[in-house]
Amino acid sequence: MSKKISTALISVFNKEGLEPIIQKLHELNVSLFSTGGTYEFITQLGIPVTSVDSVTHFPEILGGRVKTLHPKVFGGILARRDNEQDNLQIKEHAIPCIDCVLVDLYPFEDTVKSTKDEQSTIEKIDIGGIALIRAAAKNFKDVMVVPDKRYYKEFMDILESQKASISIENRKKFAAYAFAISSHYDTMIYKYFNQNFQLPYFKESHLDLKVLRYGENPHQQGWWYGDFESAFEKLNGKEISYNNLLDIDSAVQLIRDFDEPTFAIIKHNNACGVASKENIYDAYLAALSSDPLSAFGGVLIASGKIELNTAKEINSLFFEIIIAPEYSNDALELLKSKANRIILVNQLKHLSEHTYRTVINGLVKQSRDSKIETDNELKIVTQKTPSKEEVQDILFANKIVKHTKSNAIVIVKNKQLIGSGTGQTSRIDAVRQAIEKAHQLNFDTRGAVLASDAFFPFADSIELAHRAGITAIIQPGGSLRDKDSIEACNKYRISMAFTGYRHFKH
């Protein structure tokens, strides 16, 4: 059932895009009501408008904090047109019915980002506007609500096609928009007030939505919620997919843990190549040689600027995405030679403090694993002490294993990943897989180091490491059988460091 708009209340903070709607409503003979700056804006357009205070006979007070909060306003919005008692009361109190409410709220979220001043932030908590939105949405059977400027175009299209007669389907759809806006607004306010208290209530909201080509597989639907543009500048390439996003996330989490020039190649959320060298060029060559076969179709990430010499080497590899903080002009021109190749500038300043996963129709939340072990935190538990070079390598390996699917083992030599065991159901299988991978790629594991994301439940992993020539091991410790692993290391003259921190990743 369609209802004609005869009256509209307009109260917006941001006037951008408003003029065409005002003009169209006037053209359709809709009577306008407004407040404050919006009233002045409409008046300057030369269009007739009635001020709200001339209806309420009550002025704006408290520096504009109270404008529309009055029975003559909300009565006109909430009155049920098919309710006899409502109609009698409307007539008795001379309340004009409002058929359309158009609001754009105070920019609370933008204010939080732009200032640390609490009073300025508090003043941008909209009270009247949010009440108008909720009231109009509640009475969608009789009232059309436009709750945010992002819906101006759609509303304008409806006015153009349906004139001032709005269908019940559109009124209900815009009511859903209204509650999306109001709930998001309240969530942002809650998060602001909860910064210092950490109340344990889950409140997340994102209005920025991108429909992806598909989900993890082509038969699944996929959506992205978030502000990708604030984290990355996209310079080239096709649309980013669901799986691309997962790999990009894994890549940026890994690279953030390294301070020196480092290059990593990610495949299915695990690193197949990582190296730290004196420069990005050498780091890329070493990372690629970690596993050239797996690097095909991977996601590449660098901790530093990509110059032309590095780009020439990279250009011969088929890959999905490259991420770096900066590219030289000639390097960028070369990398752009493939139209589908996604090129991103890493502008990510920080990661959220918490991570979330859906489980059993609910979700779990945890603090992010941001722990990076240092040399002075290591507890050497063996008779043999690792050399300076081995300490550097085990700390390097520990950063990689932290970002590898459990059960995880990585083998490193000279700050280069040379073998990894990922996602295994037993620790010994992960060790075996890492060693076999290194040998398949013709790496000499003698003198290499090994990192484990969790403790060794038995000494069999130490036996296997010894046969491969591993000379140093880093692990959390904490097993009831730690003594067995320590004794095995002492037997084979392997140094071992405990960190006290497990790094499961599931």
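Asker: Can you walk me through the packing of aromatic side chains in this structure?
Answerer: Any aromatic ring pair is given by two values, namely how distant the centres are and how the planes are angled relative to each other. Taken as a whole and assessed by the stated rule, the structure comprises 13 aromatic pairs. The interplanar angle of 90° and the centroid separation of 5.7 Å between the aromatic rings of Phe108 and Tyr192 together place this pair among those described as edge-to-face. Of this pair, Phe108 sits in helix 6 (residues 108–114) while Tyr192 is found in helix 10 (residues 168–193), placing the two residues 84 residues apart along the sequence. A relative accessible area of 1% means that Phe108 is categorised as buried. Here Tyr192 falls in the buried class, since its relative accessible area comes to 16%. For the ring pair Tyr151 and Tyr177, a centre distance of 4.1 Å and an interplane angle of 10° mean the geometry is stacked. Of this pair, Tyr151 sits in the loop between strand 6 (144–146) and helix 9 (152–162) while Tyr177 sits in helix 10; the two residues are 26 residues apart in sequence, bridging distant segments of the chain. Neither residue differs from the other here; Tyr151 and Tyr177 are each classed as buried.

Asker: Got a minute to help me understand the environment of Ser120 in this structure?
Answerer: Secondary-structure assignment places Ser120 in helix 7 (residues 118–122). It is 9.6 Å that separates the C-alpha atoms of Ser120 and Phe108, two residues lying 12 residues apart in sequence. If near-sequence neighbours (up to four positions away) are discounted, Ser120 is found in contact with Thr111 and Thr115. Here Asp117 takes part through its side chain, which lies 2.5 Å from a polar atom of the side chain of Ser120.

Asker: Looking at this structure, how should I read the environment of Leu18?
Answerer: Mapped onto the fold, Leu18 is located in the loop between strand 2 (7–12) and helix 1 (19–27). A relative accessible area of 0% means that Leu18 is categorised as buried. C-alpha of Leu18 to C-alpha of Phe140: the two residues are 122 residues apart in sequence and 22 Å apart in space. Beyond its immediate stretch of four places on either side in the chain, Leu18 contacts Ile10, Val12, Thr38, Phe41, Leu102 and Tyr152.

Asker: What's the story with the nonpolar core in this structure? I'm lost.
Answerer: In a soluble, globular protein the nonpolar side chains are often hidden away together inside. Core analysis: the biggest nonpolar cluster contains 57 residues, and Ile10, Leu25, Leu32, Ile77, Leu102, Phe155 and Phe174 have the highest contact counts within it. In terms of residue count, helix 10 provides more of this core than any other element does, nine residues in total. If near-sequence neighbours (up to four positions away) are discounted, Leu102 is found in contact with Leu9, Ile10, Ser11, Val12, Leu18, Ile21, Val146, Tyr152 and Phe155. Grouped together as the second largest cluster of nonpolar side chains are 39 residues, Ile240, Phe396, Val401 and Leu417 included.

About the criteria used
Residues numbered from 1 in each chain as written. Predicted model: local features only at pLDDT ≥ 70, side-chain atom pairs only at ≥ 80, totals over all residues. Heavy atoms only, no water. Phe/Tyr/Trp six-rings, centres within 6.5 Å; stacked < 30°, edge-to-face > 60°. Helix = DSSP H or I, 4+ residues; strand = E, 2+ residues; numbered from the N terminus. Buried < 20%, exposed > 50% of the residue type's maximum accessible area, 1.4 Å probe, protein only. Contact = heavy atoms within 4.5 Å. Polar contact = N/O pair within 3.5 Å; in protein donor to acceptor, adjacent residues only side chain to side chain. Core = buried A, V, L, I, M, F, W, Y, C linked by side-chain atoms within 4.5 Å.

That is the geometry; function is a separate question.
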